[in-house]
Amino acid sequence: MNSHSYTLSDIATFLSADFKGDADYKLSSVATLQSASPGQLSFLANSRYQKYLRTTQAGAVILSQADLENYTGNAVICDDPYLAYAKVSHLFSLIKHPLPEVSPAAFVHPTAVIGNRASVAAGAHIAQGCVIGDGVVIGANTVIGEGSIVADDSVINPNVTIYHDVHIGARCLVHSGVVLGADGFGFAQEDGEWVKIAQLGGVRIGNDVEIGAGTTIDRGALEHTVIEDGVILDNQIQIAHNVTIGKNSALAACTAVAGSTKIGAQCTIAGACGITGHLSIADGSHITAMSLITKSILKPGVYSSGTGMLPNKIWKKNVVRFRQLDKMARRIKSIEDEIVEIKGS
C-alpha cells in the first residue's frame, strides 16, 4: 500500500471484509455517493441514501450484505458500513506526522523531560517539571504549564494552552484553541464584593480522549476535574471545575456543564445543552439537543427539554398559554375539589 492509492482488495483486507468486483481496482480518496467519481471509495450507512446506489459514479462502495443486491459495481461488504468508513478514512488522511525533533525556536525548561520520537514545534513553551512522553506532538505556539504531563503518542495541536498540573493520557488528540486548567468559577461574597476562591485542584484526562477546538476544561477547586478514558468532546464546550465525565461519553458542540456535576459512562449529550451544577447523570443516558438539565438523571434513557420548532405565530400563542398554566391548574384543582364535595354530599 502507498499513502494515496489502494486497491479494492487492499481495502477489504484492511477491514477484514469480503469484496465483490475487480480486486486490482485502485481507489485514491473517499466521497459521498452523490459526489463520488471513478477512483473514489464511497459508503452506504443510511437507508435514506439507497436511491443513490443506482446513479453513483463511485469506483467502489462499502455496504452491507442486504444492500448488495441493489448494487452491481465494486463493493466492500461488511456488517457496519459506517464503522468501516470510519476506519478506512484514516488511510486517505493527508495529515503528516512531523519529524521527531525539538525546534530551536521552542522553549523547553532544563527540568522538563522530552520522550523519544517527540516533536516540539516552533514557539512552543514547555515549563519546569513537565513530562512529554514518547511520540508526542506539541504544535506551534502551544504552552504547557509547570508540572504538566502529556503521555505517549498524544497530539497537542497549535495554539493550545495547558496550565500547570494538567495530566493528559496516552493517544489523546487536543485541537487548537483548547484551554485546559484555567481557574474554575469560584467566588464568595463579602460586603457585596466578590472574593476569589483559589482553585487548588488540577485536570486529569484519561487515554484516547479527543478534545475539540475552542473547548475549555477548568481545574478543580480542591479535587481534580476528571475526563475519563475514551471521552470525545466537540468544539466550543465548557466543562466547569470538579466535573467528572465517565468513560466513552460524547458531548456535542456548545454544551456547558456546571461545577461538580458527574456524568456517567457511555452517555451522549447533544449540542447546545446546559447542565447545572452538583448533578449526577446515570450511565447510558442520552440527552437531546438544546436541553436544560436541572435535576439529576438516575435512570438511563433518552431525555429532552424545551419546546420543538413551530411557526412563529403559533409559538407566540403557546407562550401566552404557558404563562397561564398556573391559573389554569388552580382552576382545575378548584373544580375537582367542588366535584369531590358534591359527590361526598
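Residues numbered from 1 in each chain as written. Predicted model: local features only at pLDDT ≥ 70, side-chain atom pairs only at ≥ 80, totals over all residues. Heavy atoms only, no water.

1. Side note on the sheet that holds strand β13 (residues 137–138)
Here we have 10 strands laid out as an open sheet, ordered β10-β13-β16-β19-β24-β27-β30-β33-β36-β38, and parallel in their pairing. On the outer flanks of this sheet lie β10 (119–120) and β38 (302–303), each paired with one strand and no other. (Pairing = 2+ DSSP bridges. Helix = DSSP H or I, 4+ residues; strand = E, 2+ residues; numbered from the N terminus.)

2. Let's talk about the nonpolar core
Core analysis: the largest hydrophobic core is formed by 47 residues, its most contacted members being I168, L180, I205, I211, I217, I239 and I245. Contributing elements (two or more residues each) for this core: β18 (166–168) and β23 (203–205). Setting aside its immediate chain neighbours within four residues, I211 contacts L173, V174, H175, V178, L180, I205, I217 and L233. (Core = buried A, V, L, I, M, F, W, Y, C linked by side-chain atoms within 4.5 Å. Buried < 20%, exposed > 50% of the residue type's maximum accessible area, 1.4 Å probe, protein only. Contact = heavy atoms within 4.5 Å.)

3. Observations concerning the packing of aromatic side chains
In the structure shown here, the tally under the stated rule is 7 aromatic pairs. Centre to centre, the rings of F43 and Y85 are 4.0 Å apart; their planes meet at 10 degrees, and the pair counts as stacked. Linking F43 in strand β5 (residues 40–43) with Y85 in helix α3 (residues 81–88), this pair joins segments that are 42 residues apart in sequence. By relative accessible area, F43 is classed as buried at 19%. One aromatic cluster in this structure is built from F43, Y82 and Y85. (Phe/Tyr/Trp six-rings, centres within 6.5 Å; stacked < 30°, edge-to-face > 60°.)

4. A short note on unusual backbone geometry
Unusually for a residue other than glycine, R171 sits at a positive phi of about 60 degrees. In this structure, R171 sits in the loop between β18 and β19 (173–174). Within the chain, M290 stands out as a residue other than glycine whose phi angle is a positive 60 degrees. Residue placement: M290 occurs in the loop between β36 (286–287) and β37 (292–293).

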